Number of protein chains: 2
Amino acid sequence: MGDGRQPVDLIVMNVGELLTLDGPPGGRVGKAARDLSIIRGGAIACREGRIVAVGTEREVIGDHRAGRDAVVLDARGSTVSPGLVDPHTHAVFARTREDEFAMRIEGRSYEEIAEAGGGIRSSVRYVRAATEDELLNVGSATLDRMMAHGTTTAEVKSGYGLSLDAEIKTLKVIAELGESHAIDVVPTFLGAHEFPDEWRDDRDGYVSHVADQMIPAVTSRRLARFCDVFCEEGVFTVEQSRKVLEAGRARGLAPKIHADELHPSGGAELAAELGAASADHLVCVSERGIRALAAAGVPAVLLPGTTLSLGKTDFAPARTMIELGVPVALATDCNPGSSMTESMQIIISLASMMLRMTPAEAITAATVNAAVAVGAADEVGSIAPGKLCDLVIWEVDDHRAIPYHYGVNLARTVVKRGRVVVDRESDGGPDGR
Amino acid sequence: MGDGRQPVDLIVMNVGELLTLDGPPGGRVGKAARDLSIIRGGAIACREGRIVAVGTEREVIGDHRAGRDAVVLDARGSTVSPGLVDPHTHAVFARTREDEFAMRIEGRSYEEIAEAGGGIRSSVRYVRAATEDELLNVGSATLDRMMAHGTTTAEVKSGYGLSLDAEIKTLKVIAELGESHAIDVVPTFLGAHEFPDEWRDDRDGYVSHVADQMIPAVTSRRLARFCDVFCEEGVFTVEQSRKVLEAGRARGLAPKIHADELHPSGGAELAAELGAASADHLVCVSERGIRALAAAGVPAVLLPGTTLSLGKTDFAPARTMIELGVPVALATDCNPGSSMTESMQIIISLASMMLRMTPAEAITAATVNAAVAVGAADEVGSIAPGKLCDLVIWEVDDHRAIPYHYGVNLARTVVKRGRVVVDRESDGGPDGR
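Residues numbered from 1 in each chain as written. Chains lettered and ligands numbered in written order. Predicted model: local features only at pLDDT ≥ 70, side-chain atom pairs only at ≥ 80, totals over all residues. Heavy atoms only, no water.

**Here we look at the sheet that holds strand β13 (residues 328-330) of chain B**
Residues and elements named next belong to chain B.
Right, on to step 1. Spatial strand order, β6-β7-β8-β9-β10-β11-β12-β13: 8 strands in an open sheet with parallel pairing. Pairing within the sheet leaves two strands with one partner each, and these edge strands are β6 (84-86) and β13. For this sheet, the mean inter-axis angle between neighbouring strands, taken without regard to orientation, is 25 degrees.
Right, on to step 2. Against the sheet, helix α6 (residues 164-180) makes contact with β7 (151-157) and β8 (184-192), and its axis sits at roughly 170 degrees relative to β8, the strand it touches most.
Right, on to step 3. Sheet strands in contact with helix α8 (residues 238-250) are β8, β9 (226-231) and β10 (254-259), and its direction is about 175 degrees off that of β9. (Pairing = 2+ DSSP bridges. Helix = DSSP H or I, 4+ residues; strand = E, 2+ residues; numbered from the N terminus. Axes fitted to C-alpha atoms, helices over the stretch in contact; angles between N-to-C directions. Contact = heavy atoms within 4.5 Å.)

**Focus on the packing of helix α9 (residues 267-274) of chain A against helix α10 (residues 287-296) of chain A**
All names here are of chain A.
Right, on to step 1. In the contact formed by α9 and α10, the axes pass within 8 Å of each other and the chain directions differ by 20 degrees. In terms of axis orientation, α9 runs roughly parallel to α10. The interaxial crossing formed by α9 with α10 has left-handed handedness. Contact with α9, carried on its side by Ala-268, Glu-269, Ala-271 and Ala-272, involves Arg-288, Gly-289, Ala-292, Leu-293 and Ala-296 of α10 and no other residues of that element.
Right, on to step 2. Here the contact of α9 with α10 is composed, by residue class, of 6 nonpolar, 1 polar and 2 charged. (Parallel < 35°, antiparallel > 145°, perpendicular 65-115°, else oblique. Left-handed = near helix turned anticlockwise from the far one by under 90°. Nonpolar A, V, L, I, M, F, W, Y, C, P; charged D, E, K, R; others polar.)

**Notes on the domain arrangement of chain A**
Residue and element names in this part refer to chain A.
Right, on to step 1. Domain assignment breaks chain A into domain 1 (6-82 + 381-423) and domain 2 (84-373).
Right, on to step 2. The C-alpha centroid of domain 2 is placed 29 Å from the C-alpha centroid of domain 1.
Right, on to step 3. Contacts between the two partners involve 33 residues from domain 1 and, on the opposite side, 32 residues from domain 2.
Right, on to step 4. Overall, the association of domain 1 and domain 2 removes approximately 2,500 Å² of surface from exposure, summing both partners, and the carbon and sulfur fraction of that is 68%.
Right, on to step 5. For the interface between domain 1 and domain 2, the tally reads 2 salt bridges.
Right, on to step 6. When the shortest N-O distance is used, the salt bridge between Lys-416 and Asp-184 registers 2.6 Å.
Right, on to step 7. Remark: the boundary between domain 1 and domain 2 carries 9 residue pairs in polar contact (both at pLDDT 80 or more).
Right, on to step 8. Sorting the residues of the side of domain 1 that touches domain 2 by element identifies β14 (391-394), α16 (401-404), β15 (411-416) and β16 (419-423) as the ones contributing at least two each.
Right, on to step 9. The element best represented in the side of domain 1 that touches domain 2 is β15, accounting for 4 residues.
Right, on to step 10. Within the side of domain 1 that touches domain 2, the residues separate by chemical class into 21 nonpolar, 5 polar and 7 charged. (Domains from an automatic or database assignment. Buried area = accessible area lost by both parts, 1.4 Å probe. Salt bridge = Lys/Arg side-chain N within 4 Å of Asp/Glu carboxyl O. Polar contact = N/O pair within 3.5 Å; in protein donor to acceptor, adjacent residues only side chain to side chain.)

**Re the packing of aromatic side chains**
Right, on to step 1. Under the criterion given, the structure shown has 9 aromatic pairs over all chains.
Right, on to step 2. When the ring of Phe-195 of chain A is compared with that of Tyr-206 of chain A, the centres are 6.0 Å apart and the planes differ by 65 degrees; the resulting orientation is edge-to-face. Highlighted residues: Phe-195 of chain A in the loop between β8 (184-192) and α7 (203-220) and Tyr-206 of chain A in helix α7, separated in sequence by 11 residues. This pair shows no difference in class: Phe-195 of chain A is buried, exactly as Tyr-206 of chain A is.
Right, on to step 3. Ring centres 4.1 Å apart and planes at 25 degrees place the aromatic pair Phe-195 of chain B and Phe-236 of chain B in the stacked group. Pair noted here: Phe-195 of chain B is in the loop between β8 and α7 (203-220) and Phe-236 of chain B is in the loop between β9 and α8, with a separation of 41 residues, a long-range link. (Phe/Tyr/Trp six-rings, centres within 6.5 Å; stacked < 30°, edge-to-face > 60°. Buried < 20%, exposed > 50% of the residue type's maximum accessible area, 1.4 Å probe, protein only.)

**As for the pairing of strand β3 (residues 50-56) of chain A**
Right, on to step 1. Relative to β3 of chain A, strand β2 (residues 38-47) of chain A is paired through 6 bridges, and the arrangement is antiparallel. Bridge pairing links Cys-46 of chain A to Ile-51 of chain A in β3 of chain A.

**Description of the pattern of salt bridges**
Right, on to step 1. Applying the stated rule across the entire model yields 48 salt bridges over all chains.
Right, on to step 2. A salt bridge links Arg-121 of chain B to Asp-197 of chain B; the shortest N-O distance between them is 2.8 Å. In this pair, Arg-121 of chain B sits in helix α4 (residues 120-129) while Asp-197 of chain B sits in the loop between β8 and α7, placing the two residues 76 residues apart along the sequence.
Right, on to step 3. Note that Arg-242 of chain B is salt-bridged to Glu-239 of chain B, the shortest N-O span being 2.5 Å. Of the two residues, Arg-242 of chain B and Glu-239 of chain B are both situated in helix α8; the distance of 3 residues between them amounts to about one turn of the helix.
Right, on to step 4. By relative accessible area, Arg-242 of chain B is classed as buried at 17%.
Right, on to step 5. Taking the relative accessible area as the measure of exposure, Glu-239 of chain B reaches 54% and is therefore exposed.
Right, on to step 6. Salt bridges sharing common partners tie together Arg-121, Glu-194, Asp-197 and Arg-200 of chain A.

Spelled out as structure tokens, the structure:
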């Protein structure tokens, strides 16, 4: 066996189209992705969870051999991409809310639904009443389904607790999921998701409570990496949002913002001012806001599934953002109120169909740009030596089929940190031959 | 064993929510489905592929027992519906067309794509060149994926041949799929899908060729049940469409029409005049056309996935149709050019989100109303004694979650003619506990 080649744990061979998304630092993040840095006839070698070689099959096999107990995966000529990164989810909740979905379609107003006990306040009620184990069960099953659809890294937010105890409980569940689940979880504190009933008459008081009590409690327990806020008319003002995000940043939490979802509320401008890790939603962002994001290099995280689920047809202006140089990422927004999906694949389809992002742009937005939005581009989002070996082996042999062939699961094999975590038989279909 | 109860082949027990869609003849077809005729705590008994009893568990088990080698399925409190019926597909083709999908997003016009060899003519080129076995392989894999998502009956059209030989070849493949695949296939002749290149300068000549040569060749071989035509500006005029459909009807093929997809072209009015089995697409139908369909009792088959895939946001006016009394059905339009999906589930989601159909209306449209549109409501589309035992056991326990929880496969077990044909482990998720 001592043939001079390095032994490795995992080799992926016979890759028809290897989407590395590798490139000069930052070069792939802004503007449109002109290509995906594709290697044809490629292979990947991995040791101890990290990629050690990427190249043509001849290059990789020339220098590396399968070590003892190594796994060798035959991609059978199909497309291989980095594991998908979902940079905006609310995946820890207690109950789904299909009842409100139906009420909205029947024409009930938000106020009627709120009066019937619905809206985010119902999720808060359920999360406060739930045990950690109950939340863990729902969260774990949700991450399972994300992974089955190709996601290997997911950001997960708190924000259905809205009290010190319930936010800490949620973040502990998120941390436990990060330990126990194969998916890498990036935790975000979103105590400023909404004003809880008990603080409705003292909104500034709640903002101070978040800034002065909750954030120190979160950071002293090392339970979050980011601090997020729902900056929107009727929810947190720009001033209140700035106060929360600055308090978080003072304790080491990088800022993220739910910005300009329903109105142009100045959220994008605030994200630019603070150099936020990302500005998310942006359905109603102003052109000034877009230019500010571009100038500051703040990634936009777009959530077309939310627009669709709410029955709206005005989607975020992705093309303008790309043209003006904003790095665009995509996310599921997985949450029980406005976007009940775990699949980044349907989001990639919607991005091409409704946001008019090319397949290459949409895949860039769901991998390397999403990794930038969660501060993890050093580790994930592209296929390059030193990165985690997070991969999707697809049922298709042309990446353009990923957005095109919609509503079904095209991920055949998912590899996380060099380990096969999903290996599905095809459901059939023209690319599943 | 002789306890007086009838032995059966299959029992489904412990159904939390049994959507029978049973009701007075025709009563469920028109207007809005007010409910789904739900039995809570239900069970189903089946013998030799047909339902023999439906009711509460006490009623069904009181009269029926599992015979020798019977299968007993525990629905674990979840929702059970009729197998889904997909009443409009072009599921037999030779190649996918993701290249054109990407070109459209990059802003290329239809003409440019056609000049680059694309459009329906590329599918025609590939189908003419393909062997029956090649078409059978693609078609079979496509039906596999349909079935994995809950479809148990599918209409399949020819129409990528556009010559006598290639249309007969396609219909023979469709017939072979009907024989070999668990899904029941309803064959439709669509020789008038487009004008083939060799007849472009003699359109009326091609219409006569379809009417006088192709239709007799199809019916003498008993290869189709319906005759369809693409009635649209620039394709088949109302006069040409009438000629094709009347020729088909004279030989026993019931008419169907691709109507008013791109312009209000009089297709709905023609469907009403002919008493067609269905009028399909109808994105641009006039109010007069809708009223004509309602008066004639012609079902509308809506294809919201096609609108989405083409990047458009003007969807068919489903609410107006429902309000004016048109029976509304839903279909995937599964085809490589404008709607590459096999999943009726994403179509149900789009119907609720974009067509504003309630979950009950959308499920009605994907089962009993779809069965009406393919002339099969006596056999499928509802759960009642005498009907085929075609069922979906869902991962959810509230039917409203079927459109709500989108982009993932919620069908856990699929039963076709009393036989379990799909039995998936859940991918996880909040309803997959």
